Amino acid sequence: MTSLNAPHFHDDDAAREYLESIRWPDGPVCPHCGVIGGHYQLEGKAHRKGLYKCSERGCRKQFSVTVGTVFERSHIPLSKWLAAAYLLCSSKKGMSAHQLHRTLGVTYKTAWFLAHRIRFAMADFGQTGPMGSGGGVVEADETYIGRKPGRTKGWKGWGHKNVVFTLVEREGQARSFTSPARCSTG
Ligand SMILES: [Zn+2]
């Protein structure tokens, strides 16, 4: 059982490692191009911790675990973000920015920002009702984005493929989900 005493709510290295373990249970995946593996970690004083570089088989861009998440490019320590998300999700009646401010020891302004961003990230933008309610037709389809591993021409032992699953309501909304990548490095 997680509690607010957990290291990842206090230590930013622990927070990053915790987030990596959730987001990348099978190892880092480049958030820019989807390539799995081949990346390397950038180390040394010139680089902040947790920075990776996508391989030459991918896009070669740098990335960290927060890229593409609500935590990206924030100056607020990651451990505070995780603690705020934990508090907002675990308290039955929700939590005010004032309570966050007192509990986390951050300024009220920071607490308000955290609460706002985290709630926004969790919101479903009004799409709360079941699709197809009222007798509408819902169609489902899935597609693959990326490249299948295989011993085809130019095969270098890697592949990246994401399954995108979409539900479309006729004359209505569409919802897309990504499924966990099915392929790993060769
Ligand atoms: Zn990449």
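Scroll up to find the structure.
Residues numbered from 1 in each chain as written. Predicted model: local features only at pLDDT ≥ 70, side-chain atom pairs only at ≥ 80, totals over all residues. Heavy atoms only, no water.

(A) Expanded view of the overall build of the chain. Helix and strand content of the chain: four helices and six strands. Overall, the chain shows an N-to-C arrangement of helices and strands of α-β-β-β-α-α-α-β-β-β. Taking all 186 residues of the chain together, the buried fraction comes to 32%. The contacts of the chain with a sequence gap of at least 6 include a subset with a gap of at least 24, amounting to 48%. (Helix = DSSP H or I, 4+ residues; strand = E, 2+ residues; numbered from the N terminus. Buried < 20%, exposed > 50% of the residue type's maximum accessible area, 1.4 Å probe, protein only. Contact = heavy atoms within 4.5 Å.)

(B) Focus on the layout of surface pockets. Here the second largest pocket defines a volume of roughly 340 Å³. What lines the second largest pocket is a set of 15 residues, and nearest its centre among them are Arg 16, Arg 48, Lys 49, Thr 66 and Leu 78. Listing elements by their share of the lining of the second largest pocket, those giving two or more residues are helix H1 (12-23) and helix H2 (78-90). The element that contributes the greatest number of residues to the lining of the second largest pocket is H1, accounting for three residues. (1 Å grid on protein atoms, 1.4 Å probe; cavity = no way out; pocket = protein on both sides within 12 Å on 5 of 7 lines; lining within 4 Å. Points joined across faces, edges and corners; volume = space filled by probe spheres on them.)

(C) Spotlight on helix H4 (residues 108-122). Look at H4: 21 Å from first C-alpha to last across 15 residues, which is about the 21 Å you get at 1.5 Å a residue. Among all positions in H4, only Ala 111, Leu 114, Ala 115 and Ile 118 are buried. The buried residues of H4 occupy an angular sector of 95° when the element is viewed end-on, so they sit on one face. Among the exposed residues of H4, those oriented more than 90 degrees off its buried face are Lys 109 and Phe 120. Along its buried surface, H4 packs onto H2 and helix H3 (97-104). (Expected span 1.5 Å × (residues − 1). Arc of directions from axis to C-beta.)

(D) Here's a closer look at the nonpolar core. Counting residues in hydrophobic clusters, the biggest one holds 30 residues, and the most contacted among them are Phe 63, Trp 81, Leu 100 and Leu 104. Taken together, the elements giving at least two residues each to this core come down to H1, H2, H3 and H4. It is H2 that provides the largest number of residues to this core, a total of eight residues. Each residue touching Leu 100, except ones within four places of it in the same chain, is listed here: Ala 84, Leu 87, Leu 88, Met 95, Gly 105, Val 106, Ala 111 and Ala 115. (Core = buried A, V, L, I, M, F, W, Y, C linked by side-chain atoms within 4.5 Å.)

(E) Quick peek at the packing of aromatic side chains. Taken as a whole, this structure holds six aromatic pairs when the rule is applied. Between the aromatic rings of Trp 24 and Tyr 52, the centroid separation amounts to 5.6 Å while the plane-to-plane angle is 85°, which identifies the pairing as edge-to-face. Here Trp 24 is found in the loop between H1 and strand S1 (40-41), whereas its partner Tyr 52 is found in strand S2 (residues 52-53), with 28 residues between them in sequence. This pair shows no difference in class: Trp 24 is buried, exactly as Tyr 52 is. Between Tyr 52 and Phe 63 the ring centres are 5.5 Å apart and the planes differ by 15°, which places this aromatic pair in the stacked class. (Phe/Tyr/Trp six-rings, centres within 6.5 Å; stacked < 30°, edge-to-face > 60°.)

Keep in mind these numbers describe shape, not what the thing actually does.
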